[in-house]
Amino acid sequence: KYSDESTNYDANKKELGDTDITSLFSLLNVVVVTDQSTEETNTGGLTISKTITGEIGDDPNEYLRNFQFKLTLTDADGNELGPEQEFYFYGTDKSGHIRSGMEILLHHDESITILGLPEGTRYTVEETLNPADGYTSIGGQIREGSIVRAAADQPPAAAEYVNARGVVVPFE
C-alpha cells in the first residue's frame, strides 16, 4: 500500500514566494509546481502502479522491463471522453498528458498519477501481458472504478498491478 489514514498529503507543499527554482530543472528531476487555488474543483486523480514479484532471476534488467497499460475514460453515462480532453500526469521518471485510449509503459516499482479527472468519470485500466514473458497478473489484467473529488485526507483512486512469475502469490 502507498498510504494509510495517517498520510499527510500536504507535507510536501511549501510557499515558494520569489525563490529561484531553475536549478531543479536538469537531467531527470521531475518537479511539479502548481499554484494553489482556493476554488473548489470537482476533480480527482488516479494512480496507476506496477510491481513484479516471484522468480525474477539474477537479471537486474528484469526490474526495468516495461509493461503496457491502456487507459479508457468514460463519463457517468458510459460515453468515452473525447480526444480534446487531456489530463496531466506525473510519475517516477516521466510526466506529460494522457487521454482516453492512450497507452503508457510502467516498470517495476513505478507509478503515475493522473490529475484533474472530472468527478464521476469511470476509468478502465487494462494491462497487456505477453504470455511468453511468464508473468501472470494477480487480481486480473483489468482495474475499473470511478473518480471521486480530491480531498486533503484522501488519496487518489488506485489501479495497482502486481505481476508474478513462477509462483502464485495471493493479492492483498
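It should be emphasised that the depicted structure is a prediction, and the values quoted were computed from it without experimental measurement. (Residues numbered from 1 in each chain as written. Predicted model: local features only at pLDDT ≥ 70, side-chain atom pairs only at ≥ 80, totals over all residues. Heavy atoms only, no water.)

A. Structural detail: the nonpolar core. Residues Leu46, Ile48, Leu71, Ile114, Tyr123 and Val125 are the most contacted members of the largest nonpolar core, which totals 25 residues. Looking at this core, the elements with two or more residues in it are β1 (43–54), β2 (67–74), β3 (87–91), β5 (103–106), β6 (110–118), β7 (122–128) and β10 (157–165). If you tally residues by element for this core, the top one is β2, at four residues. In this view, Leu46 contacts Leu71, Ile112, Thr113, Ile114, Leu117, Tyr123, Val125, Ile147, Pro156, Ala157, Ala158 and Ala159; residues no more than four positions away in its chain are not counted. (Core = buried A, V, L, I, M, F, W, Y, C linked by side-chain atoms within 4.5 Å. Buried < 20%, exposed > 50% of the residue type's maximum accessible area, 1.4 Å probe, protein only. Helix = DSSP H or I, 4+ residues; strand = E, 2+ residues; numbered from the N terminus. Contact = heavy atoms within 4.5 Å.)

B. The packing of aromatic side chains, seen in detail. One pass over the full model with this rule turns up two aromatic pairs. A cation sits over an aromatic face here: Arg143 above Tyr161, 4.3 Å from the ring centre. (Phe/Tyr/Trp six-rings, centres within 6.5 Å; stacked < 30°, edge-to-face > 60°. Lys NZ or Arg CZ within 6 Å of the ring centre and 35° of its normal.)

C. Representation of the sheet that holds β1 within the structure. Within the open sheet, the six strands sit side by side as β4-β3-β6-β1-β10-β8. Their pairing is mixed. Bordering the open sheet on either side are β4 (95–98) and β8 (135–138), each of which pairs with just one other strand. Between one strand axis and the next, the sheet turns by 25 degrees as a mean value, whatever way the strands run. In the sheet, β1 pairs with β10 via nine bridges, with the strands oriented parallel. Following the sheet pairing, Ile48 is matched in β10 by Ala159. (Pairing = 2+ DSSP bridges. Axes fitted to C-alpha atoms, helices over the stretch in contact; angles between N-to-C directions.)

D. Structural context of the pairing of β5. Of the two faces of β5, the one lined by Ile104 and Leu106 is fully buried and the one lined by Glu103 and Leu105 carries no buried residue. Bridge count for β2 against β5 is four bridges, and the pairing is antiparallel. Looking across to β5, one finds that Gln68 is bridged to Leu105.

E. Seen up close, the pairing of β4. Residues Gly96 and Ile98 of β4 are buried on one face, while the alternating residues Ser95 and His97, pointing to the opposite face, are not. Across four bridges, β3 lies against β4 in antiparallel orientation. Across the sheet, Phe89 pairs through a bridge with Gly96, a residue of β4. Counting the residues between successive antiparallel strands, the hairpin from β3 to β4 contains three residues.

F. Structural context of the environment of Glu126. Turning to its location among the elements, Glu126 is positioned in strand β7. Linking Glu126 and Glu144, residues 18 residues apart in sequence, is a C-alpha distance of 8.8 Å. Setting aside chain neighbours within four positions, we find Glu126 in contact with Gln68, Phe69, Lys70, Gln141, Ile142 and Tyr161.

G. Layout of the sheet that holds β5. Across the sheet, four strands lie side by side as β5-β2-β7-β9; this open sheet has antiparallel pairing. A single partner strand is all that each edge strand has here, and the edge strands are β5 and β9 (142–146). Averaged over all adjacent pairs, the angle separating strand axes in this sheet is 25 degrees, with direction ignored. When β7 meets β9, the two strands line up antiparallel, connected through five bridges. Residue pairing across strands places Glu126 opposite Ile142, the latter belonging to β9.

H. Region of interest: the environment of Arg165. Residue position: Arg165 is located in strand β10. Placed 30 residues apart in sequence, Arg165 and Tyr135 show a C-alpha to C-alpha distance of 4.6 Å. Beyond its immediate chain neighbours, meaning those up to four positions away, Arg165 contacts Thr53, Gly54, Glu55, Ile56, Glu62, Arg65, Asp133, Gly134 and Tyr135. Of the polar contacts made by the side chain of Arg165, one reaches the backbone oxygen of Ile56; its length is 3.1 Å. (Polar contact = N/O pair within 3.5 Å; in protein donor to acceptor, adjacent residues only side chain to side chain.)

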